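# Survey of secondary and tertiary structure
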Amino acid sequence: MNDLEGMRAALDEARASEAAGEVPIGAVILFDNRIVARGQNRVLRDNDPTAHAEMVALRGAALAIGIYRLAGCTLVSTLEPCAMCAGAMIHARIDRLVFAADDAKAGAAGSVLGVLNHAALNHEMVLERGLLAEESAALLREFFQRRRSSPKA
């Protein structure tokens with residue numbers, strides 16, 4: 001499975017997240033050219049502030065592979081990870097991160113913070129940004145436009 005196929009799968013997860021009432025962000029983890037884990041935002045459904053799409057996918061990959069160190073894995077996400085998710089990716093030793101849209105409010109891969117590949121940390125990963133960025137950004141933009149225009153309860 002290549003990065004483009006992985007990003008399409010992550011976008012499918014983002015759409016499923018939106019259908020469940022969550023912010024539409026999705027992630028998958030690739031290992032040995034196949035998806036070993038999928039994640040979507042679940043913070044509302046699980047009442048868990050750590051249930052970001054990337055965190056859900058990391059947990060799933062660790063279970064699928066049988067070890068929390070995810071060397072050899074690529075995390076594919078529809079949005080630039082936040083500091084929490086970036087820290088977990090470093091701890092898991094993810095080899096590569098491929099993400100679609102930059103996050104100008106909370107991105108930790110260079111947009112707001114430079115958590116990933118920080119010189120003081122003990123792990124570096126390959127970063128690929130911008131794959132299907134417009135599609136991912138449009139999904140988020142439309143979600144928040146609908147949310148802002150809906151009547152408040």
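Residues numbered from 1 in each chain as written. Predicted model: local features only at pLDDT ≥ 70, side-chain atom pairs only at ≥ 80, totals over all residues. Heavy atoms only, no water.

Along the chain, T78 falls in strand β3 (residues 74-79). With relative accessibility at 0%, the residue T78 sits in the buried group. Sequence-distant contacts of T78, that is, excluding residues within four places in its chain, are made with M7, A10, L11, A14, P24, I25, G26, A100, A101 and S136. (Helix = DSSP H or I, 4+ residues; strand = E, 2+ residues; numbered from the N terminus. Buried < 20%, exposed > 50% of the residue type's maximum accessible area, 1.4 Å probe, protein only. Contact = heavy atoms within 4.5 Å.)

A word on the sheet that holds strand β5 (residues 126-129). One open sheet accounts for five strands, arranged β2-β1-β3-β4-β5; its pairing is mixed. Edge positions in the sheet fall to β2 (34-40) and β5, since each of these pairs with one other strand and no more. With strand direction ignored, the average angle separating the axes of adjacent strands in the sheet is 15 degrees. Pairing of strand β1 (residues 26-31) with β2, which is carried by six bridges, proceeds in the antiparallel orientation. The partner of F31 across the bridge, within β2, is R34. (Pairing = 2+ DSSP bridges. Axes fitted to C-alpha atoms, helices over the stretch in contact; angles between N-to-C directions.)

In a structure, side chains of opposite charge can pair up when their charged atoms sit close to one another. Summed over all chains, the structure comprises 10 salt bridges. With a closest N to O distance of 2.7 Å, R15 and E135 form a salt bridge. On the criterion of sequence distance, the pair formed by R15 in helix α1 (residues 3-19) and E135 in helix α5 (residues 133-149) is long-range, its members being 120 residues apart. Take R15: its relative accessible area is 36%, and that puts it in the partly exposed class. (Salt bridge = Lys/Arg side-chain N within 4 Å of Asp/Glu carboxyl O.)

The subject of this paragraph is the side chain of D103. The residue D103 is located in the loop between β4 (96-101) and β5 in this model. Comment: no salt bridge for buried D103; closest opposite-charge side chain is K105, at 7.3 Å. Contact partners of D103, with chain neighbours within four places excluded, come to L79, E80, S111 and V112. (Lys, Arg positive; Asp, Glu negative; His and termini not counted.)

Residue placement: L113 occurs in the loop between β4 and β5. A sequence separation of 31 residues divides L113 from C82, and the C-alpha atoms of the two residues are 8.6 Å apart. Setting aside anything within four residues of it in sequence, one finds L113 in contact with A83, G107 and A108.

What follows is about the packing of α1 against α5. For the pair α1 and α5, the least separation of the axes is 11 Å and the interaxial angle reads 5 degrees. Considered as vectors, α1 and α5 are oriented roughly parallel to each other. Only E135, S136, L139, F143 and R146 of α5 make contact with α1, whose side of the interface consists of L11, A14, R15 and E18. Of the residues in the contact of α1 with α5, the class split is four nonpolar, one polar and four charged. (Parallel < 35°, antiparallel > 145°, perpendicular 65-115°, else oblique. Nonpolar A, V, L, I, M, F, W, Y, C, P; charged D, E, K, R; others polar.)

Core analysis: the largest hydrophobic core is formed by 29 residues, its most contacted members being I29, L58, L70, L75, M89, I94 and L116. Counting residues per element, the ones that place at least two in this core are β1, β2, α3 (53-65), β3, α4 (83-92) and β4. Beyond its immediate chain neighbours, meaning those up to four positions away, M89 contacts L58, L75, P81, I94, L97, L116 and M125. Ranked by size, the runner-up nonpolar core spans 11 residues in total, among them A10, L11, L30 and V98. (Core = buried A, V, L, I, M, F, W, Y, C linked by side-chain atoms within 4.5 Å.)

Disulfide: a covalent bond connecting the sulfur atoms of a pair of cysteines. Under the criterion given, the structure shown has zero disulfides. Looking at the unpaired C85, the closest cysteine sulfur is the one in C82, lying at 3.8 Å. (Disulfide = S-S within 2.5 Å.)

The values reported here are purely geometric and, on their own, carry no functional implication.
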